[in-house]
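Here's the letter readout for the chains.
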Amino acid sequence: MEENKNHLLNYATYAAFFLGFFWVFKYLLVIIGKDSAILSFLSNLLSIGTPLILFYFLVRYNSGFLENKMSYWHGVQFSIVLFFFASILEAVIVFIHVKWIDPVFISNLYSNLIEIAQSLNFNPELTAQLTEQPLPNSFSYVFSNVILADVFIGLLLSLFIVPLARNIKLKQEL
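J.: Please give an account of the overall build of the chain that cites residues and values.
T.: Counting secondary structure elements, the chain contains seven helices and zero strands. Reading the secondary structure of the chain in the N-to-C direction produces α-α-α-α-α-α-α. In the chain, which comprises 174 residues, the share counted as buried stands at 36%. Contacts in the chain between residues at least 24 apart in sequence constitute 81% of all its contacts with a sequence separation of at least 6. Accessible surface computed for the chain: about 10500 Å², of which carbon and sulfur atoms make up 67%. Counting 9 positive and 11 negative side-chain charges, the chain places the averaged centre of each group 14 Å from the other.

Put into structure tokens, the structure is as follows:
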């Protein structure tokens, strides 16, 4: 079956709004609940929602646009595009957080990382190298730790969720 990249892009963008707003909600729980164990736990519990949302939209895309004939790599492509667009929404809220709401967030994060490395008795040269490393600016932090990380997670999740989604055959059309 010939792949229609226009359907892939349109539906992945549509689905990305839902996934992106879900991630924004989760991140807001992280910001609000940094001192609350219950909100922190709830944020971690909501992490199961990401693969479920991916699965839902893969099944809907397969049955609605591809007549249940989605190839494995087409599903992986859809997932990567979905996670890329959703990560842009999340990146906006993370950038606002690390740039204006909590400008010391990145430095605190790296300080905690160095403390953990020291407490675990990592190689002293590695710990010294971490200490001497300059902190990333807000943009590079968001790009590497949000956008690239989300796309990588989308790739990994799609490797085992796409085969599951291909096996679900819905009869209704979008």
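J.: Can you tell me about the nonpolar core, naming the residues and giving the values?
T.: Counting 25 residues, the largest nonpolar core has Leu19, Leu54, Leu58, Tyr61, Phe78, Leu82 and Phe83 as the members making the most contacts within it. If you look at the next biggest cluster of nonpolar residues, it comprises 11 residues, including Val94, Val98, Ile106 and Val142.

J.: If you had to explain the environment of Asn112 to someone new, which residues and values would you point to?
T.: In this fold, Asn112 is placed in helix α5 (residues 105-119). For the pair Asn112 and Phe152, spaced 40 residues apart in sequence, the C-alpha separation works out to 24 Å.

J.: So what about unusual backbone geometry? Which residues, and what values?
T.: If you check the backbone angles, Glu67 has positive phi at about 55° while not being a glycine. Here Glu67 lies in the loop between α3 (49-64) and α4 (72-101). One non-glycine residue, Asn68, adopts positive backbone phi at about 60°. Structurally, Asn68 is set in the loop between α3 and α4.

J.: Describe the side chain of Ser158, with residues and values.
T.: When you line up the elements, Ser158 lands in helix α7 (residues 138-166). Residues contacting Ser158, with those up to four places away along its chain left out, are Leu54, Tyr72, Val76, Ser79 and Pro163.

J.: Can you lay out the environment of Gln77 for me, pointing to particular residues and giving the numbers?
T.: By the element assignment, Gln77 lies in helix α4. Sequence separation between Gln77 and Val146 is 69 residues, and the spatial gap between their C-alpha atoms is 19 Å.

J.: Could you give an account of a nonpolar patch on the surface, with specific residues and numbers?
T.: Together, Phe84, Ile88, Val92, Ile96, Trp100 and Ile101 line one region of the surface with nonpolar side chains, adding up to about 560 Å² of accessible area. Among the structural elements, Val92 can be located in helix α4.

J.: Tell me about the packing of aromatic side chains, and name the residues and values.
T.: Under the counting rule described, the total for this entry stands at 18 aromatic pairs. Arranged with centres 5.2 Å apart and planes meeting at 75°, the rings of Tyr14 and Phe18 form a pair that is edge-to-face. Of this pair, Tyr14 and Phe18 both sit in helix α1 (residues 5-32), four residues apart, which is roughly one turn of the helix. By relative accessible area, which is 43% here, Tyr14 ends up partly exposed. Owing to a relative accessible area of 44%, Phe18 belongs among the partly exposed residues under this scheme. Taken together, the aromatic side chains of Tyr11, Tyr14, Phe18, Tyr56, Phe57, Tyr61, Phe65 and Phe78 make up a single cluster linked through ring pairs.

What counts, and at which threshold
- Residues numbered from 1 in each chain as written.
- Predicted model: local features only at pLDDT ≥ 70, side-chain atom pairs only at ≥ 80, totals over all residues.
- Heavy atoms only, no water.
- Helix = DSSP H or I, 4+ residues; strand = E, 2+ residues; numbered from the N terminus.
- Buried < 20%, exposed > 50% of the residue type's maximum accessible area, 1.4 Å probe, protein only.
- Contact = heavy atoms within 4.5 Å.
- Areas by Shrake-Rupley, 256 points an atom, 1.4 Å probe, with all protein chains shown as cover.
- Lys, Arg positive; Asp, Glu negative; His and termini not counted.
- Charge placed at Lys NZ, Arg CZ, Asp CG, Glu CD.
- Core = buried A, V, L, I, M, F, W, Y, C linked by side-chain atoms within 4.5 Å.
- Patch = residues over 30% accessible without salt bridge, like charges linked within 9 Å, V, L, I, M, F, W, Y side chains within 5 Å.
- Salt bridge = Lys/Arg side-chain N within 4 Å of Asp/Glu carboxyl O.
- Phe/Tyr/Trp six-rings, centres within 6.5 Å; stacked < 30°, edge-to-face > 60°.

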